[in-house]
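# Observations on chain architecture
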Amino acid sequence: MNDTVIEVKDLVAGYEGRVILKDISFAVRKGETFIVLGGSGCGKSTLLKHMIGLHPLLAGEVRILGHRIQGGGVAEREAAMRSFGVTYQSGALFGNMTLLENVCLPLESFTDLPSDARRLIAEMKLELVGLKPFANYFPTDVSGGMKKRAAIARAMALDPQVLLLDEPSAGLDPVTSAELDRLILRLRDTHGISFVIVTHELASIFAIGDRCIMLDAETRTIIAEGNPTELRDTSPLEKVRTFFNPAARQG
Amino acid sequence: MTLKLPEICTVDSVTPLWKQRMPEVGKLKAGEVLILDADSVKRYDGSAEALIIEVHRCAAAQGFSVEYRDAASVIAKTLKIFNPAVFSDHTAYDLPPRNTHTVVQVGEAAVRIWRDIVDVLAFLGEVVTSGLSFLVRPGRLRLRDTMLCIERAGMDALPIVALIGFLIGLILAFLSGSSMRQFGVEVYVADLISIGLFREMGALITAIILAGRTGSAFAAELGTMKVNEEIDALTTLSLPPVLFLALPRVLAAAFVLPFLSIFAVFMGLFGGFVVLWMMDIPAITYWQHVFNAITVNNVLIGLTKALTFGLLVGLSGCSHGLHAKRSADAVGQAATASVVGSLVLITIFDGIFSVLLFILDI
Ligand SMILES: Nc1ncnc2c1ncn2[C@@H]1O[C@H](COP(=O)(O)OP(=O)(O)O)[C@@H](O)[C@H]1O
Ligand SMILES: [Mg+2]
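Read on for an overview of the structure. Just so you know, these numbers come straight off a predicted model, no measurement behind them.

Our next topic: the packing of aromatic side chains. In total, this model carries 13 aromatic pairs over all chains according to the counting rule given. Judged by centre distance (5.3 Å) and plane angle (50°), the ring pair of B:Phe255 and B:Phe259 falls under tilted. Note that B:Phe255 and B:Phe259 are positioned in helix α10 (residues 241-278) at a spacing of four residues, about one turn of the helix. Since its relative accessible area comes to 46%, B:Phe255 is described here as partly exposed. Three or more aromatic residues link up through ring pairs in this structure, and these residues are B:Phe166, B:Phe270, B:Phe273, B:Tyr286, B:Trp287 and B:Phe291. The lysine or arginine in question, A:Arg232, covers the ring of A:Phe206, its NZ or CZ lying 5.0 Å from the ring centre.

On to the sheet that holds strand β1 (residues 2-4) of chain B, then. Residue and element names in this part refer to chain B. The three strands are arranged β1-β3-β5 in an open sheet whose pairing can be described as parallel. Only two strands of the sheet have a single partner each, and these edge strands are β1 and β5 (65-69). Neighbouring strand axes in the sheet, compared pairwise and without regard to direction, differ in orientation by 20° on average.

Okay, the packing of helix α5 (residues 144-155) of chain A against helix α6 (residues 174-191) of chain A next. Residues and elements named next belong to chain A. Interhelical geometry of α5 versus α6 gives an angle of 15° and a closest axis separation of 10 Å. Classified by the interaxial angle, the pair formed by α5 and α6 is roughly parallel. By crossing handedness, the relation of α5 to α6 is classed as right-handed. Counting all contacts with α5, which are made through Gly145, Arg149 and Ile152, the residues of α6 involved are Thr176, Leu180, Leu183 and Leu187.

Time to look at the interface of chain B and chain A. Between chain B and chain A, the contact holds 25 residues from the first and 24 residues from the second. Summing both partners gives a buried area of about 2200 Å² for chain B against chain A, and 65% of it is carried by carbon and sulfur. In this assembly, chain B and chain A are joined by one salt bridge. As a salt-bridge pair, A:Asp112 and B:Lys19 come within 2.9 Å of each other at their nearest N and O atoms. Our enumeration of links across chain B and chain A arrives at four residue pairs in polar contact (both at pLDDT 80 or more). Looking at the side of chain B that touches chain A, the elements with two or more residues in it are α1 (11-20) and α3 (46-62) of chain B. A total of seven residues in the side of chain B that touches chain A trace back to one element, the largest contributor, which is α3(B). Here the residues of the side of chain B that touches chain A are counted per class, giving 10 nonpolar, six polar and nine charged.

Residue and element names in this part refer to chain A. One non-glycine residue with positive phi stands out, namely aspartate 23, at about 50°. Here aspartate 23 lies in strand β2 (residues 18-29). Given the relative accessible area of 53%, aspartate 23 is considered exposed. For glutamate 167, which is not a glycine, the phi torsion comes out positive at approximately 45°. Mapping glutamate 167 onto the fold places it in the loop between β7 (162-166) and α6.

Residue and element names in this part refer to chain A. The local shell around ligand 1 consists of Tyr15, Arg18, Ile20, Gly39, Ser40, Gly41, Cys42, Gly43, Lys44, Ser45 and Thr46. At 2.7 Å from an oxygen atom of ligand 1 is found a side-chain nitrogen or oxygen belonging to serine 45. Expressed as a share of its isolated accessible area of 560 Å², the protein-covered part of ligand 1 is 61%. The set of elements that each furnish at least two residues to the shell around ligand 1 consists of β2 and α1 (44-51). With three residues, α1 is the single largest residue contributor to the shell around ligand 1. When its residues are assigned to classes, the shell around ligand 1 shows three nonpolar, six polar and two charged.

To continue, consider the sheet that holds strand β3 (residues 33-37) of chain A. Residue and element names in this part refer to chain A. Taken together, six strands build an open sheet; the order of strands is β6-β7-β8-β3-β9-β10 and the sheet is mixed. This sheet does not close on itself; its edge strands, each paired only once, are β6 (84-87) and β10 (221-226). Geometrically, the sheet is characterised by an average inter-axis angle of 15° between neighbouring strands, direction not taken into account. As judged from the four bridges shared by β6 and β7, these two strands associate in the parallel manner.

Once that is clear, we can look at the coordination of the magnesium ion (ligand 2). Around the magnesium ion (ligand 2), the donor atoms from the protein are A:Ser45 (OG) and A:Gln89 (OE1), and they sit 2.0 to 2.3 Å away. In this pair, A:Ser45 is assigned in helix α1 and A:Gln89 in the loop between β6 and α3 (99-110), connecting sequence segments 44 residues apart.

With that out of the way, let us pick up empty space enclosed by the protein. All names here are of chain A. Using the criterion set out here, one finds three cavities of 30 Å³ or more in the structure. Reported here for the largest cavity is a volume of approximately 50 Å³. If you go around the largest cavity, the residues you meet are Thr87, Tyr88, Gln89, Gly91, Lys148, Ala151, Ile152, Asp166, Glu167, Pro168 and Leu180. Per-element accounting of the lining of the largest cavity gives the leading share, three residues, to α5. The residue makeup of the lining of the largest cavity, split by class, is five nonpolar, three polar and three charged.

Attention now goes to the packing of helix α7 (residues 158-181) of chain B against α10(B). All names here are of chain B. Relative orientation of the contacting elements α7 and α10 amounts to 40°, with a least axis distance of 7 Å. Regarding the angle of α7 to α10, the classification is oblique. Helix-helix and strand crossings are classified by hand; for α7 and α10 the assignment is right-handed. Every residue of α10 that contacts α7 at Leu158, Val161, Ala162, Gly165, Phe166, Gly169, Leu170, Ala173 and Phe174 is listed here: Leu260, Phe263, Ala264, Met267, Gly268, Phe270, Gly271, Gly272, Val274, Val275 and Met278. Here the contact of α7 with α10 is composed, by residue class, of 15 nonpolar, five polar and no charged.

Calculation notes
Residues numbered from 1 in each chain as written. Chains lettered and ligands numbered in written order. Predicted model: local features only at pLDDT ≥ 70, side-chain atom pairs only at ≥ 80, totals over all residues. Heavy atoms only, no water. Phe/Tyr/Trp six-rings, centres within 6.5 Å; stacked < 30°, edge-to-face > 60°. Helix = DSSP H or I, 4+ residues; strand = E, 2+ residues; numbered from the N terminus. Buried < 20%, exposed > 50% of the residue type's maximum accessible area, 1.4 Å probe, protein only. Lys NZ or Arg CZ within 6 Å of the ring centre and 35° of its normal. Pairing = 2+ DSSP bridges. Axes fitted to C-alpha atoms, helices over the stretch in contact; angles between N-to-C directions. Parallel < 35°, antiparallel > 145°, perpendicular 65-115°, else oblique. Left-handed = near helix turned anticlockwise from the far one by under 90°. Contact = heavy atoms within 4.5 Å. Buried area = accessible area lost by both parts, 1.4 Å probe. Salt bridge = Lys/Arg side-chain N within 4 Å of Asp/Glu carboxyl O. Polar contact = N/O pair within 3.5 Å; in protein donor to acceptor, adjacent residues only side chain to side chain. Nonpolar A, V, L, I, M, F, W, Y, C, P; charged D, E, K, R; others polar. Near = heavy atom within 4 Å. Areas by Shrake-Rupley, 256 points an atom, 1.4 Å probe, with all protein chains shown as cover. Donors = N, O, S within 2.8 Å, 3.2 Å for Na, K, Ca; no water. 1 Å grid on protein atoms, 1.4 Å probe; cavity = no way out; pocket = protein on both sides within 12 Å on 5 of 7 lines; lining within 4 Å. Points joined across faces, edges and corners; volume = space filled by probe spheres on them.

Written out as structure tokens, the structure is:
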């Protein structure tokens, strides 16, 4: 159990008492790419935002590196908050700052390093995602794929052991999306980072997914869990098999 | 010298190293040797990687050599991922120092104001051209938008205009009343208020209110639309943003201000009335003096000013909004700039009016 980075137990998630998801339990292991699947509006972003403590849990427990995100006091929550990085569905880069300043911000907020050290670290994170030459560009002046990569660089600023990405390939062309996949695999291998990724891209899922869970809007819970290839071939649920194999749906 | 990296080489332990030891490293000269000892490192993070890169960067710049103790191959791994040469441009991102000398700032402000005026006049040109195309195809003006703008800029402003107009009348009356009373001619305060409000103050205060309430709102609205690429969407639908968005707003602003200004004038007259009534001037006498002082010229001058100021506020708001950059920050700046621009333009045009009226002797 020591290699578990995120543990979700009997989670009930929702807003103002309205339940969106219930009976959610799963664990993310160290160094794996964990994929969250499901149709639009089934609550993938909701799950992610509850996992990182942006909304109060209606019930259940979330532990990140063993620290409870809720129910364990301020210090424990802070420890949990520091151990992951996250990118949001809409990018959420700060528009009035350059890419470099965006990556510097978490370092300014959480560390006491001198400013030249912070800048060098930020530059190195940008180099990791291939954006060093664009360090002093503003988010509005770079392409969609570059924004996603810059957001990943910002999420990595504090060397988290887990990165949570909400639809990183949404709105990207297949080539850029594949580049992003390679980046994710490279970061996993060089830095041993675990990933929790919300995505719809079948190509991505098979390329990088070690395990996945599928959420369902009707039952409001997990309907399938396992390796994507295995689920495609052996899932007892028609719904799950057709999701992974759209060609079969047409035929 | 030797730089020893600790066993747990993460931000908390790297920060003191960086603060205390890196300045020493920065003093090493050519020919000297730095021993970078990473033998005992068990865990490390990005700050340690950065420290290793920084050491190499300094070595390249200052010419000293680095010897590794790298049993855990931490340094080798880091150098495999990052090439120190890529990070050699030490000062590339330093922003140019801001020149904060007062004289320079005043000069810069003057240039900004001048550019502002030129921009707004250029924008007036655009609006007039699109206005002409509207004369050819009147259907293209968004009448509903115009009405909505009129409601927001005009009707919704009535309470605040009433309050400020009333208070201005009150203040004017108190101010002049106390000195005129010394000569026993406080009844002429009525004439003064009437002329002052109709010719000058009515248009001026409502224009300032309009700039703060409506001009800034125009700039923020259009600026946000620009951020959301709505302006681009309009352009590709071959709906020129100036015609579609700016013209209704500018027309609405120019249309409502004369009405608001007359409304403010009457509220001001009422304020004056309250003061003089407290000074025991009979109501009949007050209103007689007020209406005797009103001339067609004064009213027309006030209305012309109001129309001009309304136009300026609308133009300034829309021009700053449409020319805003694409970020949340820029939208705020556009709103501020539109208000400042409006106030500057209003003052300048008021000055021009005064000179013209003096020359024409009206
Ligand atoms: N902040 C919120 N407040 C209330 N309801 C929300 C909020 N965010 C999302 N929802 C609702 O939660 C449901 C799931 O949304 P979301 O998690 O964004 O779906 P997904 O990311 O899977 O497309 C939707 O019905 C949505 O209306
Ligand atoms: Mg979502």
